[in-house]
There are 2 protein chains.
Amino acid sequence: MPPEKDNPRAWDKSHYHLACVEDAVAKAHQICSEKGVRLTPTRLRILELIWRSHKPIGAYALLDEIKLEHKSAAPPTVYRALDFLIEHGLVHRIQSLNAFVGCNDPGHVYSGIILICNDCGDVLEMDDAKISETIALYTNNLGFQLSSQSIEANGTCPGCRG
Amino acid sequence: MPPEKDNPRAWDKSHYHLACVEDAVAKAHQICSEKGVRLTPTRLRILELIWRSHKPIGAYALLDEIKLEHKSAAPPTVYRALDFLIEHGLVHRIQSLNAFVGCNDPGHVYSGIILICNDCGDVLEMDDAKISETIALYTNNLGFQLSSQSIEANGTCPGCRG
DNA sequence: TTTATCACCGTTATAATGTTACATTTTTTA
DNA sequence: TAAAAAATGTAACATTATAACGGTGATAAA
Ligand SMILES: [Zn+2]
Ligand SMILES: [Zn+2]
Ligand SMILES: [Zn+2]
Ligand SMILES: [Zn+2]
């Protein structure tokens, strides 16, 4: 197990597949290789920055960081990398925050559920078959052909409840 | 039942509590009265414009419309009204679209689920106890105190499936 | 009645987020 | 190698949202 300090999101260790930046990068390399897509230096760097932040991070915060080491970076630099990472399931967009987090289990089958702590800003991704299937069932009953879903929950994490 | 043309979202009539602008306005007056809050002319007008659009509508589209009749309107005019309408459950924000729809059943107990048709852009709000409760159950098991949730699903509506 | 307070709105400016378009470079394919 | 495709550089622009401050009108003390 990687060092604890690398993963301060300790409120649900049991769900964690990827515990640190290194794990995430290794997994990303593996997935991109399997898919035959290119994890270019910029894409990799953005992924690392997202994982290093340990919190949802916005596109312009990523831009500020990558500019330090990559002077020519501009908004498209970041958004292109994000599009790629999201398309291949390595990163999720948090709609309610306009921010991004690393997917904790790239390739997961069920729709992720994002839990957002309103106090500390920390985020946990849960993948639950039952919730996804319940939604799929209900929408199918309406004749709606489901292609994707986004579930975001706000509240207070165990740590912040004291 | 109000005229059909007022409600082109015909793919799930059974779920509709409010079928037209007039219903929505009447219900809004009732709710604001009960709560002792003021449904001012601007707030009412924004609510009507949202309901009249029959689709999710963005803040700046609302601004364009209200400017026609209210020359001094500016972004804060619209955002303040939206904040009020959302706070009192009369309107929902669709995170993935940065757009707004009228709540079909103001005061509903369970979290609404927004179904978005990728073809026609139409939206349906479903309120389902089971889904909300399933999410609440799972998050509680993690020690997470749930305060709100946002569920948005994308897919194809029955009409667009042909 | 005067004064204070409050919610609401007008107004201007600006911040934050995201996209388009086109040129250039790099990588892959034939 | 030559052509095609993918990725990136670059500048400008578009969209969405908020901050700040002052004015107005209703309501509530003093
Ligand atoms: Zn995920
Ligand atoms: Zn917390
Ligand atoms: Zn609703
Ligand atoms: Zn449709």
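Residues numbered from 1 in each chain as written. Chains lettered and ligands numbered in written order. Predicted model: local features only at pLDDT ≥ 70, side-chain atom pairs only at ≥ 80, totals over all residues. Heavy atoms only, no water.

1. Some thoughts on the coordination of the zinc ion (ligand 2)
Residue and element names in this part refer to chain A.
1) Next: Distances from the zinc ion (ligand 2) to its protein donors, Cys117 (SG), Cys120 (SG), Cys157 (SG) and Cys160 (SG), fall within 2.2 to 2.3 Å.
2) Next: Given 4 donor atoms and angles of 104 to 115° at the metal, the environment of the zinc ion (ligand 2) is assigned as tetrahedral.
3) Next: We classify cysteine 117 as buried; its relative accessible area is 1%. (Donors = N, O, S within 2.8 Å, 3.2 Å for Na, K, Ca; no water. Tetrahedral: all angles 85-135°; square planar, octahedral: opposite > 155°, others 65-115°. Buried < 20%, exposed > 50% of the residue type's maximum accessible area, 1.4 Å probe, protein only.)

2. With respect to the interface of chain A and chain B
A common measure of how large an interface is: the accessible area buried when the components associate.
1) Next: On the side of chain B, 36 residues touch chain A, which itself brings 36 residues to the contact.
2) Next: Interface area lost by chain A to chain B is led by Tyr138, Leu142 and Phe144 of chain A, which between them contribute 22%.
3) Next: Viewed at the interface, chain B and chain A are joined by 0 salt bridges.
4) Next: Summed over the shared surface of chain A and chain B, the result is 15 residue pairs in polar contact (both at pLDDT 80 or more).
5) Next: Listing elements by their share of the side of chain A that touches chain B, those giving two or more residues are strand S3 (112–117), strand S4 (123–127), helix H5 (129–141), strand S5 (145–156) and helix H6 (158–161) of chain A.
6) Next: Per element, the largest residue contribution to the side of chain A that touches chain B is 12 residues, and it comes from S5 of chain A.
7) Next: Residues belonging to the side of chain A that touches chain B are distributed by class as follows: 16 nonpolar, 15 polar and 5 charged.
8) Next: Alignment of S5 of chain A against strand S5 (residues 145–156) of chain B, held across 11 bridges, turns out to be antiparallel. Bridged to glutamate 152 of chain A within S5 of chain B is serine 150 of chain B. (Contact = heavy atoms within 4.5 Å. Buried area = accessible area lost by both parts, 1.4 Å probe. Salt bridge = Lys/Arg side-chain N within 4 Å of Asp/Glu carboxyl O. Polar contact = N/O pair within 3.5 Å; in protein donor to acceptor, adjacent residues only side chain to side chain. Helix = DSSP H or I, 4+ residues; strand = E, 2+ residues; numbered from the N terminus. Nonpolar A, V, L, I, M, F, W, Y, C, P; charged D, E, K, R; others polar. Pairing = 2+ DSSP bridges.)

3. Section: the packing of helix H3 (residues 59–69) of chain B against helix H4 (residues 75–87) of chain B
All names here are of chain B.
1) Next: Close contact between H3 and H4 brings their axes to 9 Å; oriented N to C, the two are set at 115°. For H3 against H4, the interelement crossing comes out right-handed. In this structure, H3 contributes Ala59, Tyr60, Leu62, Leu63 and Ile66 to the contact, and H4 contributes Pro75, Val78, Tyr79 and Leu82.
2) Next: Broken down by class, the residue content of the contact of H3 with H4 amounts to 9 nonpolar, no polar and no charged. (Axes fitted to C-alpha atoms, helices over the stretch in contact; angles between N-to-C directions. Left-handed = near helix turned anticlockwise from the far one by under 90°.)

4. Considerations on the coordination of the zinc ion (ligand 1)
Residue and element names in this part refer to chain A.
1) Next: Protein coordination at the zinc ion (ligand 1): the donors are His92 (NE2), Cys103 (SG), His108 (NE2), Glu125 (OE) and Glu125 (OE), at 1.9 to 2.8 Å from the metal.
2) Next: Positions of the donor residues of the zinc ion (ligand 1), expressed as sequence spacing, correspond to H-x10-C-x4-H-x16-E. Of this pair, histidine 92 sits in strand S1 (residues 91–94) while glutamate 125 is found in strand S4, placing the two residues 33 residues apart along the sequence. Across the pair, exposure class does not vary: histidine 92 and glutamate 125 are buried alike.

5. Some words on the sheet that holds S5 of chain B
1) Next: In spatial order, the strands read S4(A)-S3(A)-S5(A)-S5(B)-S3(B)-S4(B); together these 6 strands make up an open sheet with mixed pairing. Every other strand in the sheet has two partners, leaving S4 of chain A together with strand S4 (123–127) of chain B as the edge strands with one partner each. Shown here is a sheet whose adjacent strand axes are inclined to one another by a mean of 20°, direction ignored.
2) Next: On top of the sheet, H5 of chain A reaches S3, S4 and S5 of chain A together with strand S3 (112–117), S4 and S5 of chain B; it is set at about 130° to S5 of chain A, its chief contact.

6. A short note on the relation of the copies chain A and chain B
1) Next: Superposing chain A onto chain B takes a rotation of 180° plus a shift of 0.0 Å along the axis, which leaves an RMSD of 0.1 Å. Here the copies are linked by what is in effect a two-fold axis. Of the C-alpha atoms belonging to chain A, the one lying closest to the rotation axis is found on isoleucine 151 of chain A, 2.2 Å away.
2) Next: The overlap is high: 100% of the interface residues of chain A also sit at the interface in chain B, so the same surface is used on both sides. (Least-squares fit on C-alpha atoms with pLDDT ≥ 70 in both.)

7. A look at the packing of aromatic side chains
Residue and element names in this part refer to chain A.
1) Next: By the definition in use, this model includes 2 aromatic pairs over all chains.
2) Next: Their ring planes at 65° and their centres at 6.4 Å tell us that tyrosine 60 and tyrosine 79 sit as a pair that is edge-to-face. Residue tyrosine 60 is found in helix H3 (residues 59–69), and its partner tyrosine 79 is found in helix H4 (residues 75–87); the two are separated by 19 residues along the sequence.
3) Next: Tyrosine 60 gets classed as partly exposed once you look at its relative accessible area, which sits at 48%.
4) Next: The ring of phenylalanine 84 carries the charged tip of arginine 43 above its face, separated from the ring centre by 3.9 Å. (Phe/Tyr/Trp six-rings, centres within 6.5 Å; stacked < 30°, edge-to-face > 60°. Lys NZ or Arg CZ within 6 Å of the ring centre and 35° of its normal.)

8. Looking at the side chain of glutamate 152 of chain B
1) Next: Looking at where glutamate 152 of chain B falls in the secondary structure, it is placed in strand S5.
2) Next: With no salt bridge to any partner, buried glutamate 152 of chain B finds its closest opposite charge in arginine 93 of chain B, at an N-O distance of 7.3 Å.
3) Next: In terms of polar contacts, glutamate 152 of chain B uses its side chain to reach the backbone amide nitrogen of glutamine 95 of chain B, at 2.7 Å.
4) Next: A distance of 2.7 Å separates the side chain of glutamate 152 of chain B from the side chain of serine 96 of chain B, its partner in a polar contact.
5) Next: Setting aside its immediate chain neighbours within four residues, glutamate 152 of chain B contacts Ser148, Gln149 and Ser150 of chain A together with Arg93, Ile94, Gln95, Ser96, Ile114 and Ile116 of chain B. (Lys, Arg positive; Asp, Glu negative; His and termini not counted.)

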